[in-house]
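Architecture and fold: a report
Now for the letters of each chain:
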Amino acid sequence: MRDDNSLPTVGMIGGGQLARMTHQAILSLGRSLRVLAVSPDDSAAVATPDVRIGRHDDAVALDEFAAECDVVTFDHEHVPSERIEALAAAGHVVRPTASALLHAQDKSVMRRRLSELNLPVPRWEVVTSVEDLDRFGLPCVVKTAVGGYDGRGVFMVERADEIAAMLADGVVLVAEERVDMVRELAIQIARSPRGETRAYPVVETVQENGICTEVIAPATGLHPDRAAQAQAMAEQIARDLDVTGVLAVELFDTGDALLINELAMRPHNSGHWTIEGAVTSQFEQHARAVLDYPLGDVSSTAPATVMANVLGGEAGGPAFDERLRQLFTVDPQAKVHLYGKSVRPGRKIGHVTVTGDDVPLLRQRAREAASILRHGHP
C-alpha cells in the first residue's frame, strides 16, 4: 500500500462539504484526502485530485476503495452497517467502527444505549402502531429511526393517525416528548484509538425549519458547571461507545437541565466555527484522531466566534461574483467558505465566520454576510 517513507493515506467515504473541508485541513499534514464520491461533481470531488467514483452502499466499490487506504472514515452516516463490518472483517482499518457508528445511524439504538448509560434524554419510545403513539401521549415529536437529517424525518405530530402511512410502509419510528427548551447547544469532542480526548467549548446553535443557521462559540451565559456537565457527558459517550474521530453531541437546554438530542460521529456543522475560531479545526482534529496522532490544541483563537450557514436562495439577483465583492467590501474580515455545490432554495452552499469580542455585533455581521451571499443584499 505504501513504502516506509510515505505518509498514511486517509480515505473518506462520501464527497460532501465535510470531506471537502477535511481535505483542505489534511493538506497541512502533508497529504490530500482520498475520497469516495458518488459523482465527480460532488463538493469534495471538485476540490481534491484523489477521487474514486462509487456508491457508499456498493460492496465492491467500498472494498476496492478501502484497499487503497490505510484508514477509512466517513463524511456521513449512510454507509450500511453490514458493509462497514465487512470492511473490518477483510482487515481494513475503519474509524469509527460499525458498532460505534450505529448509534449515530439509528435513533432507536442511540436512545436505548444512552438510557442504559443513565444519560439524560427526552422521554422516548419506539412506536409500531397508532395505538402505541396514543398511549405515549400527544402532541409529541416523531422521528424516523434512520435516514433523517437537517429536519428531514422529524415530524411534529398532533394526531396519532398522522403516522399511519409511514407505519404501513414499514418505517421504524421513535416518539419523543416535546421538550420545553430555552435553546439548543452542541459540543464536539475528539477521541483517538489510544483513548486521548479533547473537547471544544460548548456552543449555541440556532435552528430554522430544522436546519442550523447560526452557531455562537462559546455559548453565552452558560454556567461553568453546566458546561462541565456537557463535556463529561460527551467524554462518557465517546468512551463507552468506543468512538474514534470527532463526536458531536447535540443538546437541549431546558434552563434547568441538559438533555441529549442527537449524535454525529464525524465533523459536524456545529463545529465549522473551529476553522477560524480554534487553534486546531475539527477537520484536522478528525484526521489526527483517525490516524492515532496526538490530538491538537482546542483553545479558542478569539473571545467569541459566530458562524452563519449560507443557504441557497431563489433564482435571480446579482451574480455570485458580485455578491462576494459586495460582502468583502462591507466586511473584509469575514471569512467565507463555499462548498462548490449547485444552488437550490434552502440548500447549504457554504458558511461565513466572524471573530471578535462583541457577540451581538458578531451575530449581526454574520447574518448580514450570509444574507448578501444568499439574496444579494444584507
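Residues numbered from 1 in each chain as written. Predicted model: local features only at pLDDT ≥ 70, side-chain atom pairs only at ≥ 80, totals over all residues. Heavy atoms only, no water.

Digging into the overall build of the chain
The helix and strand inventory of the chain stands at 12 helices and 17 strands. Scaling as 2.2 N^0.38, a compact globule of 378 residues should have a C-alpha radius of gyration of about 21 Å, and the chain matches this with 21 Å. Taken over the C-alpha atoms alone, the chain extends approximately 60 × 50 × 45 Å along its principal axes. Long-range pairs, those at least 24 residues apart, make up 62% of the contacts in the chain between residues at least 6 apart in sequence. For the chain, the accessible area works out to roughly 16,200 Å², and carbon and sulfur atoms hold 48% of it. Positive and negative charge centroids in the chain, built from 37 and 53 side chains respectively, lie 2 Å apart. (Helix = DSSP H or I, 4+ residues; strand = E, 2+ residues; numbered from the N terminus. Rg over C-alpha atoms; globule rule 2.2 N^0.38 Å. Contact = heavy atoms within 4.5 Å. Areas by Shrake-Rupley, 256 points an atom, 1.4 Å probe, with all protein chains shown as cover. Lys, Arg positive; Asp, Glu negative; His and termini not counted. Charge placed at Lys NZ, Arg CZ, Asp CG, Glu CD.)

Some details on the pattern of salt bridges
Counted according to the given criterion, the structure contains 26 salt bridges. Among the salt bridges present, the one from Asp 132 reaches Arg 135, with a minimum N-O distance of 2.5 Å. In this pair, Asp 132 and Arg 135 both sit in helix α6 (residues 130-136), three residues apart, roughly one turn of the helix. The class of Asp 132 is buried, set by a relative accessible area of 12%. According to the relative accessible area criterion, Arg 135 is exposed, its value standing at 63%. For Arg 159, the salt bridge identified is with Glu 162, shortest N-O distance 3.8 Å. A residue is classified by how much of its surface remains accessible, and Glu 162, at 32% relative accessible area, is partly exposed. Among the charged side chains, a network of salt bridges with common partners joins Arg 34, Asp 50, Arg 52 and Glu 68. (Salt bridge = Lys/Arg side-chain N within 4 Å of Asp/Glu carboxyl O. Buried < 20%, exposed > 50% of the residue type's maximum accessible area, 1.4 Å probe, protein only.)

Some remarks on the sheet that holds strand β7 (residues 154-157)
The four strands are arranged β5-β8-β6-β7 in an open sheet whose pairing can be described as antiparallel. Across the chains shown, the open sheet's two edge strands, defined by having one partner strand only, are β5 (124-127) and β7. Going from strand to strand, the sheet's axes swing by 30° on average, the running direction of each strand aside. Where β5 meets strand β8 (residues 173-176), four bridges bridge the pair, whose relative direction is antiparallel. (Pairing = 2+ DSSP bridges. Axes fitted to C-alpha atoms, helices over the stretch in contact; angles between N-to-C directions.)

Focus on the packing of aromatic side chains
Scanning all chains against the criterion turns up one aromatic pair. Ring centres of Tyr 200 and Trp 273 lie 6.3 Å apart, and the angle between their planes is 80°; on these two criteria the pair is classed as edge-to-face. Of the two residues, Tyr 200 sits in the loop between β10 (197-199) and β11 (203-208) while Trp 273 sits in the loop between β14 (258-264) and α9 (274-277), which places them 73 residues apart along the sequence. With a relative accessible area of 1%, Trp 273 lands in the buried category. Lying over the aromatic face of Phe 136, Arg 123 brings its terminal NZ or CZ to 4.1 Å of the ring centre. (Phe/Tyr/Trp six-rings, centres within 6.5 Å; stacked < 30°, edge-to-face > 60°. Lys NZ or Arg CZ within 6 Å of the ring centre and 35° of its normal.)

With respect to the environment of Phe 252
As for its placement among the helices and strands, Phe 252 is situated in strand β13 (residues 245-253). Classification of Phe 252 as buried rests on a relative accessible area of 10%. Once the C-alpha coordinates of Phe 252 and Glu 184 are considered, the two residues, 68 residues apart in sequence, prove to be 4.8 Å apart. In contact with Phe 252, other than residues within four places in its own chain, are Pro 122, Val 179, Met 181, Arg 183, Glu 184, Ala 257, Leu 258, Leu 259 and Asn 261.

Some words on the sheet that holds strand β1 (residues 10-13)
The strand order across the open sheet formed by four strands is β3-β2-β1-β4, and the pairing between neighbours is parallel. At either margin of the open sheet sits one strand with a lone partner, and together these are β3 (51-53) and β4 (71-74). In this sheet, adjacent strand axes meet at a mean angle of 25° when their direction is disregarded. Of the strand pairs in this sheet, strand β2 (residues 34-37) and β3 are connected by three bridges, and their pairing is parallel. When the sheet's bridge partners are listed, Ala 37 is paired in β3 with Ile 53.

Some thoughts on the environment of Gly 137
Take Gly 137: it is sitting in the loop between α6 and β6 (140-144). Residue class for Gly 137 comes out partly exposed when judged on its relative accessible area of 22%. Taking C-alpha positions, Gly 137 is 9.0 Å from Ala 160, a pair spaced 23 residues apart along the chain.

Let's talk about the nonpolar core
Within the largest apolar cluster, 42 residues are counted, with the highest numbers of intra-cluster contacts made by Ile 237, Leu 247, Val 249, Leu 251 and Ile 260. Setting aside its immediate chain neighbours within four residues, Ile 237 contacts Leu 114, Leu 119, Asp 242, Val 243, Leu 247, Val 249, Ile 260 and Leu 263. Judged by nonpolar contacts, the second largest core, of 18 residues, contains Val 306, Ala 308, Leu 327 and Ala 369. (Core = buried A, V, L, I, M, F, W, Y, C linked by side-chain atoms within 4.5 Å.)

Fair warning: the whole summary comes from geometry, so function is off the table for now.
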